[in-house]
Structures are given as C-alpha cells and as structure tokens.
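Results of the structural survey
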Amino acid sequence: MKYLHYIYRNARRNPVRSVLTIASTAVTLFLMMILVSFFNINSEVAEGFEKYNRLIIMNSEGFAGMVPISRVREIAAKPGIVAVTPFSWYGGKYGEEEMPFAQFGVDPTTIFSIYDELTVPPDQLKAFINDKAGCVIGRKLAEDRGWKIGDPLPLKGQIYSFDLNLTIRAIYDGPPDRDLRMCMFNWEYLDEGLKKGVSSAESGNAGIIVLKAADGDRLVSLSREIDDEYRNTDKPTRTQTEEAFTKMFGEMMRDLQWLITAIGMAVVFSLVVVAGNAMAMALRERTTEVAILKAIGFNRSLILNLVLAEAVLVAGLGGLIGSFGCKFLCDVVDISKYSAGTLPFFYVSWRTATLGLLVSLLIGLLSGSIPAMAAARRSVIQGLRKVV
Amino acid sequence: MDEAGFSIQLKNVNKEYRRDEFRVPVLSNLDLQVAEGEFLALMGPSGSGKTTLLNLIAGLDRATEGEVIVHDEELGSLSESRITRWRADNVGFIFQLYNLIPVLTAFENVELPLLLTKLSKRRRRENVKTALRVVGLEGREDHYPRQLSGGQEQRVAIARAIVTDPYLLVADEPTGDLDRASAEEILDLLQQLNREFQKTIVMVTHDPLAAQRASRVLHLDKGKLVSDLTQSAQIGATS
C-alpha cells in the first residue's frame, strides 16, 4: 500500500503514452465485450429458461420437417401439462422489408400461460383471442415502429403462400432478457388461409410445439414419453427442454465462435506486445532511476513488483473503462434496436464485464513481465553508468 | 569495527571489467583503511578507478580479488539480497546529478528509503521532516524536483541519503553540476554531517576546492593509490 502513490505517479509520468495504452486496451476490451456477449447471451438466456418447465417438440428431421397440429391436443391431454401451443415461424415481409422481425403463429388462449414471464393487459389479451386476424407485438417493436393498438400490420408470405392482414390487438412486455420484438398471431388464421389456397398440403402443421409442464421433474420423462409415442409415425419427434433447444442455436454458430475467439486472442496478443513495448520504453527512460532505487535498497523482487503493478494499473484502467463502460453503455442504449432484427435484445452481463477486467489485468501482467524482469535483473552499476 | 580500528578496510583488492574478450584492469592490489568518522576525498584523472573504488566500498560492485570489509562486514561474502539490505541499512548515496525521482515531491523522495523499513507512517514523516530540516529545506516538502534549484535538489538528495541514519555516506562528484556558491553550501553541509553527526564520508571529486574540505585526500592513477594526504590544517583554514 505504501508504494501506491509511487506506482500511480509513474503511471502518470508520460500522460500521452499512458492515455494511448489505456485507450487501446479500452477499445479492444470494448469490442471483445460485444463479441463475447453476442455468444454468451444465448447460453446465459438458455440457462435462465430452466425454471420455466418448458419443452420444445420438433420434427426429428429438424426445422425442415413439421409437426402435425393434432399433436397439440394429444399432448395437452397428458397429465402434468399446464398448456400447449403451436409455434410456427412465418417469416413474412413487411412492406419491402424482408425478415423485419420474428413472426409466429400461436394459440392465443395458451401462449401467455406458457410464456408466463411475458405480461399482457387482460383486455388486450381478450381482444387478441377474439380477433382471429389479430396479433400481439412486443413493447420494443411497438416503440421502435411507433405502432399502437388497432394499427394494421400486413405481412406478405415468403415461406407460405398466404399473406396475413393482421391488426395489432395487444402489446406484451417482459423481462429485459426476453425478445420483446416478436409478433404473434393466431395460428388458425394462417392455417385457414393455407387450406383455402393452392398449397393446402402445408396446412395442419406447426413448426414446433411448445408445452409448459407443472413440474420440472417431469420434463425428462415427459420428453421421452412424447418421442416414444411418435417414434413409429411418419413424423417422429425430437423433444427437448427449452434450454437445450436454445443452446442448439449457439451450437450452430460454434465454428464462427471459434473463429471470433481466435481473432480475439490474436488481438489480445498484439495488445500485449504494444503495451509491453510502451512499458519497455517507459523503463528505458528510467534506467538510472531504477538503479538509484536498487542502490538505496530496493531489492529485485520489489522492483519487479513495482513495474508489474504499474503495467497492471494502466492495462486494468483500460480494461475497467472498456469492459464496464461497454456494459453500462449497453444498459443505457438498446443496441439491439440497430441490429435489423438479428438481436432481439443485447446486454453485457456482470460476469462478462468482470471477465473482461480480468483479461485486462492479465494483459498488464504479461506486457509488464519482460520489462519488469529486465529492470529487476539489470545491475546497479549498469544502470548508474549513465551518471557516474 | 575490526581489530585494527578501521571501519573500512580494503585488502589487496583487484578489480577488472570484461569488455568482450578483453579484461580491463581498473584497480590493482589496492590496500586502504578508513577510520570511523573520516571524511575521505578520492581524486584522480578520469579512468583512474576512483568511482570503481567508491562502488566497491558502497557495496554496489564486487571486487574481482581481495577483501572489502565495511563496518565488520566482508561485502564479497554477502548474497545479492543481503548486500541490498546491507546498503539500505548502512549507506547513503549522493550523486552528481542528484537523481531524484521527478514525479515525487521532495518529501516523497526523502521518504523512499524509509519505505523499506517497518516504521509507521507517522515515524516516517517525523524522520523525513528532521532530515529536511538538517539540510535546510523546511517548507519545501511539497516541491517537485523541477521546482527546486540544483543546490536545493542536491540538498534533497542528501536528506534522502541521511534519512535512515546510515553509517556511511558515499558521494560521487556531489558538486560537479553546481555553481560555486551552491557547491560551497553542499560542502558545508557534508562537513557538518561529518563533524556533528560523525558520518563517515567517502567522496569522489575532481574539484581541488571540494577535496580541501575532506580530512584526507587520496589520489589514484591507473588503479593505484599514488598519494595519501591527511589535511587537518587545510580544513581548519577553510572552515
């Protein structure tokens, strides 16, 4: 503690160099936070799903296959089920915008019993249930677009050969780590349209089915039971928890994640080299001073620790600004708004920000280690030779 | 003190440096005894070995051969960490270019050697203030080196050298970078430390006027002692 002011003053000795080192660390950590959060959010959110006791039933072939709608009723009849809904991706155009936001065909009577962390005013829910061409949209979507109850929401089918002429009947809200930019409409409205059209073969199916169980302990046996029941049909199922289902999306991006991680490591390495060079320059200018300190009794390990502490202070300050600055910026500014629908929400968790700070401290340690060892090893006579 | 009553003893000391494949002898078969409380000036032309001798006495460098005994400690036998500790406890350093830490105030510069001790913050403060008072710099505690004159900087350096109350002060050209008036003040101060506080002082200098302040002057040439002059009469004349 008694050396703190010395370390602090040394770190401030060349303000331009220190500020540049801090800035480069901060910018690097800021970008790393964005990238790490992008990949972490999926698994963090997935882990949070465990308490909701939800199962996702999809065709065993994956998203390419469908699940017959009759199974919604069959599954709902099983003991221990709270509610079941079809959940069909529509993927329609809004005006000239392709994939502007997520659109799903659901059962209006059960959807908010299953996703009970989402809230919707009772009168609006009633209006949504009573209007087959009605839809419910997330609060953020409504805010982004300036939409309100009663506004028309026409969607042109891209996957299905039926266009939806929806009317906004309700606006839902929910926790910040939930997608508040979805549009959910009555699945039956879509199905009836498909039956009337040329591609009636598409009707009668759901993309996936979502159920909520009364008891989390039942999830494993229930998923096995459902898959066993449909194993020998023409459309066997694959049932998994919502957590596993969400993580599956993360798995799809694993190669990209590795690539980004490798690039991130390369950036950190180059930052270590840059910060190490700055530290080495700083110490070269202080060769005599270090020799004086040794002459008056500062031993090698103390010199080593002082230099390392200075490097850690500078890099740590950059890390603090970059990591926690990024977190607070993402808390204040809704970055997902500018992601054209690819990110339903975005945040930097405390865990990720703390990890960023630890990485910056490691950068400080690594960047300071070589100059620190050189300073500690150099003999007093070598250091004093400049002046004696 | 050893049996002969000398606080610094060099016995048949040789020192050579290696320059690539060459060996450069700097000190040859040097014998020297310095009594406690002596003020010794080392003079000689550049390259005569006076700074090397000073470094050996101060425990900054090691003899190639021979013994360097200071305050009953044979410095050649001490490990790196022990000799560092020994320097902190026994030696105060004064350099030609003051070598203060520019980012620390006068107070903080003087306090530096005390950070290595177990003294409380309050005791450190008291010791620093005392040292600054001895060198006549009360009220300048919060000044940075750039805010002081050369003479004042050297006074801070002397305060740093004496703040741990070391047994030995070594000074390498302490007036070499000062004007005459400031140099006289610094030499007065060194004499005061020698006489009032009984500090043993070994000073390297090129300046005959500075050497006159010492109680004994040694001349070196090509690594050998060429004259040894005790000059109490001169001291009396100048003081």
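Residue positions within a chain follow its written sequence, with the count starting from 1. Here every chain gets a letter starting at A, and every ligand a number starting at 1, in the order they are written. In keeping with the predicted nature of the model, local features appear solely for residues at pLDDT of at least 70, side-chain atom pairs appear and are counted solely at 80 or more, and the whole-chain, interface and lining totals rest on all residues. Side-chain metrics rest on all non-hydrogen atoms present in the structure, leaving aside hydrogens and water.

1. So, the environment of A:Pro108
Residue and element names in this part refer to chain A. For Pro108, the location among the structural elements is in the loop between strand S4 (103-106) and helix H4 (111-114). Summary of the burial criterion: residues with accessible area below 20% of their type's maximum are buried, those above 50% are exposed, and those between are partly exposed, where the area comes from a 1.4 Å probe applied to protein chains only. For Pro108, a relative accessible area of 5% corresponds to the buried category. With 80 residues separating them in the primary sequence, Pro108 and Glu188 have C-alpha atoms 9.7 Å apart. Residue contacts are counted whenever heavy atoms from the two residues lie within 4.5 Å of one another. Residue contacts for Pro108: discarding those within four places in its chain leaves Leu125, Phe128, Ile129 and Asn186. Helix and strand assignments follow DSSP, with helices taken as H or I runs no shorter than four residues and strands as E runs no shorter than two, numbered in order from the N terminus.

2. Details of the packing of aromatic side chains
All names here are of chain A. Between the rings of Phe, Tyr and Trp (Trp by its six-membered ring), a pair exists once the centres lie within 6.5 Å; its type follows the angle of the planes, with under 30 degrees stacked, over 60 edge-to-face, and the other angles tilted. Throughout the structure, instances matching the rule amount to 16 aromatic pairs over all chains. Note on Tyr90 and Tyr160: the rings are 6.0 Å apart at their centroids and 5° apart in plane angle, and the pair reads as stacked. Taken together, the residues Tyr90 in the loop between strand S3 (81-89) and S4 and Tyr160 in the loop between strand S6 (152-155) and strand S7 (164-172) connect sequence positions 70 residues apart. A connected cluster of aromatic rings, assembled from ring pairs, spans Phe87, Trp89, Phe104 and Tyr115. Either the NZ atom of lysine or the CZ atom of arginine qualifies as a charge over a ring when it sits within 6 Å of the ring centre and within 35 degrees of the ring normal. Over the aromatic face of Trp350 sits the side chain of Lys327, whose NZ or CZ is 4.6 Å from the ring centroid.

3. Regarding unusual backbone geometry
Phi at A:Asn53 takes a positive value of approximately 55°, unusual for a residue other than glycine. Residue position: A:Asn53 is located in the loop between helix H2 (15-48) and strand S1 (54-59).

4. Brief notes about the sheet that holds strand S8 (residues 200-204) of chain B
Residue and element names in this part refer to chain B. Only when DSSP finds a minimum of two bridges between them are two strands counted as paired. Strand order in this open sheet of six strands is S6-S7-S8-S3-S9-S10, and the pairing throughout is mixed. Edge strands, defined here as strands with exactly one partner in the open sheet, are strand S6 (91-94) and strand S10 (224-230). Strand-to-strand, the axes of this sheet are offset by a mean angle of 15°, without reference to chain direction. Strand direction decides the pairing type here: strand S9 (residues 216-221) and S10, joined by six bridges, are antiparallel. Bridge pairing in S10 places Leu218 opposite Asp228. Whenever a helix is involved, its axis is fitted only over the stretch in contact; in every case the axis is a line through C-alpha atoms, and angles between N-to-C directions fall within 0 to 180 degrees. Against the sheet, helix H2 (residues 80-90) contacts S6 and strand S7 (168-172), and its axis sits at roughly 80° relative to S6.

5. A closer look at the pairing of strand S4 (residues 65-70) of chain B
All names here are of chain B. Bridge analysis of strand S1 (residues 6-19) against S4 gives five bridges, and the strand direction is antiparallel. If you follow Lys11 over to S4, its bridge partner there is Glu67. In this structure, S4 lies alongside strand S5 (residues 73-74), joined through two bridges in antiparallel fashion. If you follow Ile69 over to S5, its bridge partner there is Glu74. Where S4 hands over to S5, the hairpin turn is made up of two residues, of which His71 adopts a positive phi near 50°.

6. Concerning empty space enclosed by the protein
A probe as big as a water molecule, rolled over the atoms, marks out the empty space that is left. Residues and elements named next belong to chain A. A pocket here means an open set of points on a 1 Å grid, computed over the protein atoms alone, that has protein on both sides within 12 Å along at least five of seven lines. A cavity is instead a set of points where a 1.4 Å probe fits but cannot get out; residues with an atom within 4 Å of a point line either one. Grid points are joined across faces, edges and corners, and a volume is the space filled by probe spheres set on the points. Under the counting rule described, the total for this entry stands at six cavities of 30 Å³ or more. For the largest cavity, the calculated volume is near 170 Å³. Of all elements in the fold, only helix H1 (4-11), H2, helix H10 (254-285) and helix H12 (300-332) reach the threshold of two or more residues within the lining of the largest cavity. Ten residues, namely Ala, Val, Leu, Ile, Met, Phe, Trp, Tyr, Cys and Pro, are considered nonpolar, four, namely Asp, Glu, Lys and Arg, are considered charged, and the remaining ones, Gly among them, are considered polar. A class-by-class count of the residues in the lining of the largest cavity yields eight nonpolar, five polar and four charged. Here the second largest cavity defines a volume of roughly 100 Å³. Along its surface, the second largest cavity is lined by Tyr6, Ile7, Asn10, Leu283, Arg286, Glu289, Val290, Leu293, Ile303, Leu306, Val307 and Glu310. Counting only elements with at least two residues in the lining of the second largest cavity, the list comes to H1, helix H11 (287-295) and H12. Sort the elements by how many residues they give to the lining of the second largest cavity and H12 lands first, with four residues. Its residues placed into classes, the lining of the second largest cavity shows eight nonpolar, one polar and three charged.

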